[in-house]
Amino acid sequence: MFHSETRIFKTSYAADMALFPLPIARWAMAGLAFVFVVVVPLVASPYLMTLLNLVLIAVVGAIGLDILVGYTGLISIGAGGFMSVGAYTAANLVVRLGLPFWVAIPAGGLMAALVGIVVGIPSLRIKGIYLAVATLASQFIIEWLINHVTWISGGIEASIQVPPPVVFGYKLVTPQQLYFFLLFFAVVAIVATLNLVRSRIGRAFIAIRDQDIAAEIIGINIFRYKLYAFAISSFYAGVTGVLYTYYLGIANYEQFGIDVSINYLAMIIIGGLGSVQGAVFGAAFITLLPEATRLFLTDFGGAVFSQDTIRQLVPNLTLILFGGLIIFFLIVEPEGLNRLWRNIRNYFRLWPFSY
Amino acid sequence: MTPKFARPLALSLGAAIAITAAWAAQAADKTILIGMQCDRTGATQVVGTKLCPGTHDLIDLINSQGGVDGWKIDAEEVDNAYQVPPAIEEYAHAKQEGAVGIMIYGTPQTGALNQRLEQDKMPGTSPGFGIAASAAGKYFPYLFPIAANYWSQGAAAVKFAKDQLGGSLQGKKIAYIFYDNPAGHEPLPVIQALAKTEGFELQTFAVPPPGVDVSSQTLAIAQQYRPDFVIDHTFGKAPALVIKGLKENGYSLNKVVALVWASGEADIMGAGGWGVAQGYNTMQFAGAGENYPVIKAIQAMYQKKGQSPPAAMQATVYYNRGVEQGAVWVEAIRNALKLSHGQKPTPSQVKAGFEMIRDYTLGGLMPPLTITAADHEGGGWVRIFRVTGEHLDPATPWFRAYRNMVVDKEDKTAEQVTAKSN
Amino acid sequence: MLPMPDLPWRFIAILLANGVLVGAMYALVALGFVLIYKATDAINFAQGEFVMFAGFLAAAAIHLAGLPWWVSALLTIAAMIAFAFGLERVVLRPLLGRPIIAVIMATIGLAAVLRGAATLAFGGGTQTIPLPISDSPLLLGPLILPPIKLVGAVVSLGFLAAFGWFFLKSRIGVAMRAVADSQQVAMAMGINVRRYFALAWALAGIVSALGGVLWGSMLGVDNQLALVGLKVFPVMILGGLDSIVGAVVGGLIVGVVESLSAGFLDPLVGGGTKDIVPFLLMIAVLMVRPEGIFGRRRIERV
């Protein structure tokens, strides 16, 4: 948040390492919490709520992928596959055994983590492009299995309808109700990850990313930590899949295709690799981009183009913007939206002495 | 980048909010809004870029004639790129804008919107795709396939093969080549059941997505299995390649019938043009070709405006399906306006409006569509058009087959599916 | 029921022949990928979109400009060279020395831009590239061969051979290999490394143009044509990322394996296996020999 760091002195390392290094950050957090828990649900329309909900789900997935790609430096183009694993695990548990959401969500995550380990083991010897392609292959293989094993997919239509989650006896149905449900999990994901990356495991991840052989020499068991990264990241992806399933009321692997895996990669690239905040920004940005383009062009494009042209223009322009922005950020601002944010914040940081 | 970007950033944020506000304010006076989804960039772009202009043109035509009882209709299109999240976003937006219903695009999207439609009591249409069981209106009250679903199509294909093979399938061999995804699997149970009752042998040939090469499958059909008839239920690029592959291997296209998404002009062009595809049998739920009063009227509308009709119109199969989609909505709204006595109808009234459609043919472009509270499929009619010369000529009248069996399956499956999720 | 005296041997022969032909054409697409990787270490995830874009250009030259097919093909090659050249300059060069994910994502972004731009420029329909090749199949003994595939395979193999010779024998080719081996050493020997980077992209442009014309005339041109690019991954991993011979062998293996699995495995499992089997094979190879069949083992230094 915007704040000034003047007049603050840290007297211990613990203070420097704290999650909220500045007293004002706590106030900022309280403010944020107030906005998201009280103000937004009161003010936002159901449509805005729907957009926010999709952003919240994407936040969980993007943070998870960032742990693997941004923090550990392992490339994965298979996030969508793990999301379907989570989705079908939860859907089967909910529909066949009637289990509640608080079992289904961690179970979906754990199953995805398990599959992540299975994919991770053969992938440990390889990296870079080889790993990217291996994860791509895992996505296709998972899709194939779900498509053909009706025991998993619940029938040849490969879609399982799931009842809405029940919290304290209330069925969560409206965008408003689901907003709180999803907000809870997004916040848990954010806090858990912020703590994870400060921990021993998180630092090992970063060491592996920066120079894996050097990391091994200083005593980090690369094999183990790479597997951790795979498992944790897949857990998040699995949870994302379950959240989607609850949100949509249906588990269907076609919702988690290769496009989705690429979208999530785009989120963390545009947001800024290796930063939780960046992943949140990226998730919001990529989720809102198509709607923003459409609203902009339908409202302001009418002066220049005919309706028919606009209908053709909007989706293709969105696609071009999507690709163009990825390239733009990679070349011009590799640290992504997060860096832009920090620049703004740093301006205020030493305020009023910012020169 | 430097903080000097902060200002433009804030400005654009402000602009975005202003846009949203402007959007909300433009709720026009005598307009009925329908949410409309399309895919112009994703996997089914070839269909979307032809089908959606058809819907818009039909609605423009109605509006240019004064609308429905004085009400203008507005179909607000958005591209979902065949992905689910944009479909949800658009649905929520359309609902907020006061849409009376939604034209869904895509099978996964139909699945994802189904429960929302029911909660919000909003009617949605999924012509020729979506959930086959949703034909059972009792269990899927707000979802309207409005055209033959995959089960009806599969049954009709078997019936067509039977007629072409002299009235009996006893001891005959039929090959089913299908896109290996859920939608591709869907007709299979019906065809398998018919294989038992009609006594034919069935072998399946899967085309895994993305289906850019089907040469080994067509080889296996034409060179190895040598069936008496082929049912083709593929999507995307695959139908063109199936036509080409079977032809190259000397299999007669007279003995191939394609289900509705393998039946477009694009598939014939992709296979190498009309010359290659002679005799190919295409299944349609809206008539192909230009010889329908409504198409002529649209052409006249463009002529009056001094414009040439859109290029999409030449792809008559998909374009006409778009016209059909628009026309059925207009008809439902017309009925709904009777219920609302000329006031703006509610989504529930439009739902009821759909269920009041009786024997609606749109001058021969459509089968005699009758939608009731029990049957949201509208009868499950199809018609076979055969590639003859440079166009698609009707080879059968509108027909449907094994109706009892299909309806029975729809009801049973719908009951099971809905029982589990509640 | 038909008697089956001459089957399935004849069937197997047909499947094999078909696999070889298709595989040779996969190899052509993979070649574009290998050329770039070999010379610049960059990974082009937009290879399929390159092929699609070239297909659109060729179709436009034939239908919109009314040019004969061979002029269109030459124009497409020229345009793709210019395009690849410009791309290297604008997008890839600023990313030199950056982590591998940067290049992967940049080319994924590029793929999206190309798909959007192609639809805007050329429309959403399927376009054809009519080549003067007969539709009726050739009968060679027991085999039935579609002429377009035969031509495609011959052209592909011809070009693969030409590129192989070029890399091994020609002066420019030797310089390119030197650059690929070690950029620093090559620079020290007075080789203008950047020029050879641009050259590698230009060559990839030529290959994409050929792929676009051949695949486009076989499948029809629309944005789905880009999916051919997905086939490249098992091909090049199997063969080895930096080997032209590997691209050929990998292409042939994938083509044949696909063909056979569709012919024999599919009926057993009741589903389409031809796209999954090459990936399974690829993973098996990765576990045993991560550098592929013909790839070079890399030694890492801290």
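Quick notes on the rules
- Residues numbered from 1 in each chain as written.
- Chains lettered and ligands numbered in written order.
- Predicted model: local features only at pLDDT ≥ 70, side-chain atom pairs only at ≥ 80, totals over all residues.
- Helix = DSSP H or I, 4+ residues; strand = E, 2+ residues; numbered from the N terminus.
- Rg over C-alpha atoms; globule rule 2.2 N^0.38 Å.
- Buried ≥ 20, exposed ≤ 12 C-beta atoms within 10 Å, placed from the backbone.
- Contact = placed C-beta atoms within 7 Å.
- Pairing = 2+ DSSP bridges.
- Axes fitted to C-alpha atoms, helices over the stretch in contact; angles between N-to-C directions.
- Expected span 1.5 Å × (residues − 1).
- Bend = angle between axes of the 7 residues up to and from the residue.
- Nonpolar A, V, L, I, M, F, W, Y, C, P; charged D, E, K, R; others polar.
- Parallel < 35°, antiparallel > 145°, perpendicular 65-115°, else oblique.
- Left-handed = near helix turned anticlockwise from the far one by under 90°.
- Right-handed = clockwise from strand over helix to strand, strands pointing away.
- Core = buried A, V, L, I, M, F, W, Y, C linked by C-beta atoms within 7 Å.
- pLDDT = per-residue confidence, 0-100.

### Here we look at the overall build of chain B
Alright, step 1. What chain B contains, in helices and strands, is 14 helices and twelve strands.
Alright, step 2. On C-alpha atoms alone, chain B measures out to a radius of gyration of 22 Å, which is about the 22 Å that the 2.2 N^0.38 rule sets for 422 residues.
Alright, step 3. When the backbone C-alpha atoms are referred to their principal axes, chain B occupies close to 70 × 55 × 50 Å.
Alright, step 4. Taking all 422 residues of chain B together, the buried fraction comes to 62%.

### Overview of the overall build of chain A
Alright, step 1. Across its full length, chain A holds 15 helices and four strands.
Alright, step 2. Relative to the compact-globule value of 20 Å for 355 residues, chain A shows a C-alpha radius of gyration of 21 Å, a close match.
Alright, step 3. Its C-alpha atoms give chain A principal-axis dimensions of roughly 65 × 60 × 45 Å.
Alright, step 4. Taken over 355 residues, chain A has a buried fraction of 53%.
Alright, step 5. Taking the contacts inside chain A whose residues are at least 6 apart along the sequence as the reference set, 75% of them involve residues at least 24 apart.

### Here we look at the sheet that holds strand 1 (residues 31–38) of chain B
Backbone-to-backbone hydrogen bonds join strands into a sheet, with any given pair of strands oriented parallel or antiparallel.
Residues and elements named next belong to chain B.
Alright, step 1. What the five strands build is an open sheet, ordered 2-1-3-4-5; its pairing is parallel. Where the open sheet ends on each side, the last strands, each with one partner, are strand 2 (72–79) and strand 5 (143–144).
Alright, step 2. Sheet topology note: the strand 4 (residues 124–125)/strand 5 ladder contains two bridges and is parallel. By the bridge assignment, threonine 125 is partnered in strand 5 with phenylalanine 144.
Alright, step 3. In this fold helix 2 (residues 45–64) packs onto strand 1, strand 2 and strand 3 (102–103), with an angle of close to 165° to the strand it touches most, strand 2.

### Observations concerning the interface of chain C and chain B
Alright, step 1. In this assembly, 39 residues from chain C lie in contact with 34 residues from chain B.
Alright, step 2. For the side of chain C that touches chain B, the secondary-structure elements that each account for two or more residues are helix 1 (9–40), helix 4 (100–122) and helix 10 (244–269) of chain C.

### Structural notes on the sheet that holds strand 8 (residues 229–233) of chain B
Residues and elements named next belong to chain B.
Alright, step 1. Reading across the sheet, the seven strands line up as 7-6-8-9-10-11-12 and stay open at both edges, with mixed pairing between neighbours. Edge strands, defined here as strands with exactly one partner in the open sheet, are strand 7 (201–207) and strand 12 (391–394). Pairwise comparison of adjacent strand axes, ignoring direction, gives a mean angle of 25° for this sheet.
Alright, step 2. The pairing of strand 11 (residues 383–388) with strand 12 spans four bridges and is antiparallel. Residue pairing in the sheet places phenylalanine 385 in a bridge with proline 394 of strand 12.

### A word on helix 14 (residues 307–332) of chain A
Alright, step 1. Helix length check: helix 14 of chain A (26 residues) gives 35 Å between terminal C-alpha atoms against 38 Å at 1.5 Å per residue, within 8%.
Alright, step 2. Of all bends in helix 14 of chain A, the biggest is about 30°, found at leucine 313 of chain A, and the proline proline 315 of chain A comes one to four residues later.

### What to know about the interface of chain B and chain A
Alright, step 1. The partner chain A presents 44 residues to the 41 residues of chain B that form the contact.
Alright, step 2. Elements with a contribution of two residues or more to the side of chain B that touches chain A: helix 1 (6–25), strand 2, helix 3 (84–96), helix 4 (107–120), helix 6 (182–185) and helix 14 (403–420) of chain B.
Alright, step 3. The element contributing the most residues to the side of chain B that touches chain A is helix 3 of chain B, with eight residues.
Alright, step 4. Across the side of chain B that touches chain A, the residue classes break down as 21 nonpolar, 13 polar and seven charged.

### So, the packing of helix 5 (residues 101–123) of chain A against helix 11 (residues 222–248) of chain A
All names here are of chain A.
Alright, step 1. At their nearest, the axes of helix 5 and helix 11 sit 7 Å apart, and the two run at 140° to each other. Regarding the angle of helix 5 to helix 11, the classification is oblique. Viewed along their axes, helix 5 and helix 11 form a crossing whose handedness is right-handed.
Alright, step 2. Here the residues of the contact of helix 5 with helix 11 sort into 18 nonpolar, eight polar and one charged.

### Some remarks on the pairing of strand 1 of chain B
Residues and elements named next belong to chain B.
Alright, step 1. Among the eight residues in strand 1, seven count as buried, and that is most of the element.
Alright, step 2. Two strands pair when backbone bridges link them, and strand 1 and strand 2 are joined in this way by eight bridges, in the parallel orientation. Pairing of leucine 33 across the sheet is with aspartate 74, part of strand 2.
Alright, step 3. With helix 2 bridging strand 1 and the parallel strand 2, this β-α-β connection has right-handed handedness.

### Here we look at the nonpolar core
Alright, step 1. Counting residues in each nonpolar core, the largest one holds 369 residues, and the members touching the most others are Val59 and Ile326 of chain A together with Ala27, Ala30, Leu31 and Ala200 of chain C.
Alright, step 2. The dominant element in this core, judged by the number of residues it contributes, is helix 1 of chain C, at 19 residues.
Alright, step 3. The contacts of leucine 31 of chain C, once residues within four sequence positions are left out, are Leu160, Phe163, Val207, Ile244 and Ala247 of chain C.

### Observations regarding helix 11 (residues 277–288) of chain C
Alright, step 1. An ideal rise of 1.5 Å per residue puts 16 Å on twelve residues; helix 11 of chain C measures up with 17 Å between its terminal C-alpha atoms.
Alright, step 2. When helix 11 of chain C is considered as a whole, its buried residues turn out to be Val277, Pro278, Phe279, Met282, Ile283, Val285 and Leu286 of chain C.
Alright, step 3. Where helix 11 of chain C is buried, its residues meet helix 5 and helix 6 (129–148) of chain A together with helix 9 (232–239) and helix 10 of chain C.

### A short note on the packing of helix 13 (residues 276–300) of chain A against helix 14 of chain A
All names here are of chain A.
Alright, step 1. Two numbers describe how helix 13 lies on helix 14: the axes approach to 9 Å, and their chain directions differ by 140°. Our classification of the angle between helix 13 and helix 14 gives oblique. Regarding helix 13 and helix 14, the two cross each other, and that crossing is right-handed. Side by side, helix 13 and helix 14 meet where Leu289, Pro290, Thr293, Arg294, Leu297 and Thr298 of the first sit next to Ile310, Leu313, Val314, Leu317, Thr318, Leu321 and Phe322 of the second.
Alright, step 2. The residue inventory of the contact of helix 13 with helix 14, partitioned by class, reads nine nonpolar, three polar and one charged.

### Details of the confidence of the model for chain A
Alright, step 1. Across chain A, the average pLDDT comes to 87, with 92% of residues at or above 70.
Alright, step 2. Least confident of the elements in chain A is helix 1 (residues 13–17) of chain A, whose mean pLDDT is 67; most confident is helix 4 (residues 79–97) of chain A, at 95.

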